[in-house]
Each structure stands twice: as structure tokens, then as C-alpha cells.
Amino acid sequence: MDVASSSPLSFQDLGLNKKTLTRLAEIGYESPSPIQREFIPIALTGKDCIGQARTGTGKTAAFMLPSLELVDTRDRVVQVLVLAPTRELSEQVYAESRKLAANHSTRFALCVGGRPMGRQVDDLQAGAQIVVGTPGRVQDLMKRGCLQLKDLEIVVLDEADRMLDIGFRPDIERILRSCPKDRQTLLLSATMAPEVVKLATRYMESPQSVDLSEDSVVVETIEQFYATVDEDRKLPLLLRILALEKPKQVIVFTRTKRGADKLFEIFSRRLKSDRVACIHGDLPQRKRDRVIRTLRSGQLRLLIATDVVGRGIDVSGISHIINYDIPEYCDDYVHRVGRTGRLSSDENGRAVTFVTLAQGGELTNIEKRINDVLPQYEVKGFQAFRQKERTRRTVRRFGQQDK
Ligand code: AMP
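Residues numbered from 1 in each chain as written. Predicted model: local features only at pLDDT ≥ 70, side-chain atom pairs only at ≥ 80, totals over all residues. Heavy atoms only, no water.

(A) Region of interest: the overall build of the protein. Along the protein, the regular secondary structure elements total 17 helices and 13 strands. In the protein, which comprises 403 residues, the proportion classed as buried is 57%. The contacts in the protein between residues at least 6 apart in sequence include a share of 77% that link residues at least 24 apart. When the accessible surface of the protein is summed, it comes to about 17800 Å², and 48% of that surface belongs to carbon and sulfur atoms. (Helix = DSSP H or I, 4+ residues; strand = E, 2+ residues; numbered from the N terminus. Buried < 20%, exposed > 50% of the residue type's maximum accessible area, 1.4 Å probe, protein only. Contact = heavy atoms within 4.5 Å. Areas by Shrake-Rupley, 256 points an atom, 1.4 Å probe, with all protein chains shown as cover.)

See below:
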């Protein structure tokens, strides 16, 4: 994605300091992405701000660059707290933040569940100034007295909509109540679901909004299709698409953990064990980490994932997304498809969503959400439906489109 094309503004114009600008040049960030362009100037004023943008659009730098400007590196207290919904996403935010902060001497701590507390406590005691973590572990560390928020200047709620979906609301509210009243609150969310608005109204002060959701919903670097298929023909269709597309790396999304396990079993019999993996919330953290590492290294060709864990994956080499099961919520579609065609990748991504007879309406809802009509993915010689149902399906689909 050419971040420069729609923007005459440079990072210098945003009011960032020299150290930061040098670092951005070193890591090859030539110009700000749309969310960075809009969000950074507001965040630098100290005002509360809501940014509506999906992952993969550069939103970590949007909140982290202003945070780095603010941190007093001589003061060894927690000044910035970033809450994110999953361990994987927290790790990504942590890694990206440290990359951005390499010219600053800022101290970080990553506080996520599924990891030994010892190292996290050590990092906090050593004077971490920026803490990134999941609400559960952050609260645990607060209860134990290892994490103090009294000097906090900025709290960031990353992927706020998903944190609320997962059921983190009580944790988030307790954490926010423990933060100083005069802090700055930055909220990032792909959607402005009513729950997010409620949270913002309660815990933010006259927030300014930056809405890039329309811009980012349909990413021009992703070619999206739907493919009609009978439930019991999904596997042959998947195999056929994989053979046709020869993806460099593909994520196959299923709705359920059991569905993911089942597909994994099938593929692990067909592919070498280091080329296929499965990731979902029931797997131990160590295993999840290993999977993400092998995906990032390019070793893994096929990853089968469920929504909660899959959504935060920021890996630039993913060429294809297959929605083996159509996502239950339209926003999940946006998140799943956003795993490919990343800002950090030069190549276009392709996404195919499997739609069964009964799911015409769900496809229409997704199309409404992304404000686009998906073209059908044609597979020559592949019969998607049992013959007698073909006409009914076509009628149904056209009926949906007319509504
Ligand atoms: P995020 O939305 O924060 O997950 O970022 C997605 C990817 O884009 C990450 O790999 C970042 O390193 C990369 N990125 C963020 N901002 C820029 C930029 N201005 N120019 C180039 N790459 C960027």
C-alpha cells in the first residue's frame, strides 16, 4: 500500500521530535498512513482521542509515537499503559513499540497471561515506563502491588471493541478507575459498537474522533471473492483453491475451535508437520507462540485459525485468506481479511469466503458492511452444490441482493 499517495503530509509535519524522525527513516517509514496522519496531531495535544481503524493500517505507531514523545525517560514509573485484547496482539504492539523506540531509552514491560509473572514483575520493578498487556494480567499485577498506575499519563485501549467482546469490560473499567483522572485516554477500535461508545462516554473527556473505518474497510490491496458451496463440499473446494492459487502463506478461518482442530487433522496428514498449524484459544501459550514464530519466519504455509486469536496476527507474507466458515459477525470479516494485503507487505492479498445455501443473507450483510459486492470465485469443473439445489440457490442469492 502506498501510504504516500493520499497524503502530502510527512512525519515532520506532524510535530514529532528529531529522534523519532531519525528512527522512522531508519526503519523505512517514509510517510504517515492515514490513521497516523489524523490521529498523531490530536494525540500530541494531550486530548482524548478515538481512532476508528482496523489493524494493519499502522495504528500502533499512531498511538505509540505520541506516547514516546511524552515519556520522561529519567522518571522510572509507569507513564503509559496500553491494553490489548489478546496476548498475540499485545506482543505485536510491544514489538512494534520497541522498534519505534529504539532511539529513545524508554523502558518497557509486556504483561500478558500465559507467561511467567517473574520476568514481568522484574521489568516493572526495573522501572518500566510503558506497559503493554492484556486486561486480566494487568489487573493481577495491580492486585499484587507490582504495577502502580498513579503516575500514569496516557492509557491506550487498543482494539477496544474486541476487548469488550471477549468480556474484558469489568477488568477495563476497574483499571480505568485506578488511573489518575487527569490522564489522557486514547481509544482505538475497528467499529464504534454501542458498548464502545458507552465506555468512551464514561471514561473519556470530550474525545475527538478520527474515523477511517470507511477508508480501511475495503482495502484496495485485497481482492475479495465469495464461493458458493455445500457444507459437505467445503473440503474439496478448499483443496481445489489451494491447488489453483498456490498461496505463499494462507490462513484458513473456521468458526469453532473444534472445526479448526478437525481441518488441522486432515491437513497434517497431507502436509509436512512444519508447514501446517492450527491456532485457537484452547492451545497453550507456548504452542501459540511457536506457531506465530513459524508463520512469521515463512516456514508455515497453512494456518488454521479461529477469530479471537487470528485477528491480531500481523505477518506481512500472508497471500491468501480463506473463510472456510463465513464469519458470524461482519466485523470479523473485516478483521480476517485484513490479515492479508498488510501495510508492511508489497503484494496484494486474495480472500475467498465460502458461502453455503443458507448463508446468502450473511454474505449480503458482509457486503453491506464493506459497501461492495463481492465477485464470485469461479472454479471450473467444480460443482458447488448438489444439482437439484442449484436453481434455488441462485434465486435466493438474487433475492438477497435486491433487498
Ligand atoms: P499496525 O496496524 O500497527 O499493526 O501496523 C501494520 C504494519 O504496518 C506493521 O508491520 C508496521 O510495522 C507497518 N507500518 C506502520 N506504519 C507504517 C508506515 N508509516 N510506513 C510503512 N509501514 C508502516
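(B) Main features of the sheet that holds strand β5 (residues 154-157). The parallel open sheet is built from 7 strands, whose spatial order is β3-β4-β2-β5-β6-β1-β7. Each having just a single partner strand, β3 (108-111) and β7 (208-211) make up the two edges of the open sheet. Put simply, the sheet's adjacent strands are angled 15° from each other on average, direction ignored. In this structure, β5 lies alongside strand β6 (residues 184-189), joined through 4 bridges in parallel fashion. Bridge assignment links V156 to a residue of β6, and that residue is L186. Most of the contacts of helix α5 (residues 117-125) go to β3, to which it runs at about 150°, and overall it touches β3 and β4 (130-133). (Pairing = 2+ DSSP bridges. Axes fitted to C-alpha atoms, helices over the stretch in contact; angles between N-to-C directions.)

(C) Summary view of the side chain of D158. By the secondary structure assignment, D158 is in the loop between β5 and α7 (160-166). Within polar-contact distance, the side chain of D158 engages the side chain of K59 at 2.6 Å. (Polar contact = N/O pair within 3.5 Å; in protein donor to acceptor, adjacent residues only side chain to side chain.)

(D) Here's a closer look at the environment of L244. Among the secondary structure elements, L244 is positioned in helix α11 (residues 234-245). L244 sits 135 residues away from V379 along the chain, and the two C-alpha atoms are 8.8 Å apart.

(E) Highlighting the sheet that holds strand β13 (residues 349-355). Ordered in space as β8-β13-β12-β9-β11-β10, the 6 strands form an open sheet in which the pairing is parallel. On the outer flanks of this sheet lie β8 (222-228) and β10 (276-279), each paired with one strand and no other. Recorded for the sheet is a direction-independent mean angle of 15° between the axes of neighbouring strands. For strand β12 (residues 320-323) and β13, the ladder comprises 4 bridges, and the chain directions are parallel. In the sheet register, H320 faces β13, and the bridge partner there is R350.

(F) The arrangement of helix α12 (residues 257-270) in detail. Relative to the 20 Å expected for 14 residues at 1.5 Å per residue, α12 spans 20 Å between its end C-alpha atoms, a close match to the ideal helical length. Of the residues making up α12, those classed as buried are A260, L263 and F267. Projected down its long axis, α12 shows its buried positions confined to an angular sector of 70°, all on one face. Turned more than 90 degrees off the buried face of α12, the exposed positions are R258, K262 and R269. Considering only its buried residues, α12 is in contact with α11, β9 (250-253), β10 and β11 (302-305). (Expected span 1.5 Å × (residues − 1). Arc of directions from axis to C-beta.)

(G) View of the packing of aromatic side chains. The final tally for this structure, using the stated rule, is 3 aromatic pairs. Relative to F108, the ring of Y94 has its centre 6.2 Å away and its plane inclined at 90°; by these criteria the two rings are edge-to-face. Of the two residues, Y94 is situated in helix α4 (residues 87-100) and F108 in strand β3; the sequence distance between them amounts to 14 residues. Each of the two residues, Y94 as well as F108, counts as buried. Between F225 and Y377, the aromatic rings sit 5.6 Å apart at their centres with planes inclined by 85°, giving edge-to-face as the arrangement. You can see F225 sitting in strand β8 and its partner Y377 sitting in the loop between α16 (360-370) and α17 (390-402), a full 152 residues away along the chain. Across from the ring centre of Y324, 5.3 Å away, lies the NZ or CZ of K234, which sits over that ring. (Phe/Tyr/Trp six-rings, centres within 6.5 Å; stacked < 30°, edge-to-face > 60°. Lys NZ or Arg CZ within 6 Å of the ring centre and 35° of its normal.)

(H) Broad picture of the packing of α5 against helix α6 (residues 135-143). Relative orientation of the contacting elements α5 and α6 amounts to 65°, with a least axis distance of 12 Å. When the axis of α5 is compared with that of α6, the two are roughly perpendicular. You can see that α5 and α6 cross each other, and the crossing is right-handed. Every residue of α6 that contacts α5 at M117, Q120, V121 and L124 is listed here: R137, D140 and L141. Taken together, the residues of the contact of α5 with α6 sort by class into 4 nonpolar, 1 polar and 2 charged. (Parallel < 35°, antiparallel > 145°, perpendicular 65-115°, else oblique. Left-handed = near helix turned anticlockwise from the far one by under 90°. Nonpolar A, V, L, I, M, F, W, Y, C, P; charged D, E, K, R; others polar.)

(I) Examining the packing of helix α2 (residues 34-44) against helix α3 (residues 59-70) more closely. Where α2 meets α3, the axes come as close as 9 Å, and the angle between the chain directions of the two elements is 25°. Taken as axis vectors, α2 and α3 run roughly parallel relative to one another. As for how α2 packs across α3, the hand of that crossing is right-handed. Contacts between α2 and α3 involve I35, Q36, F39, I40, A43 and L44 from the former and K59, A61, A62, F63, L65, P66 and E69 from the latter. A class-by-class count of the residues in the contact of α2 with α3 yields 10 nonpolar, 1 polar and 2 charged.

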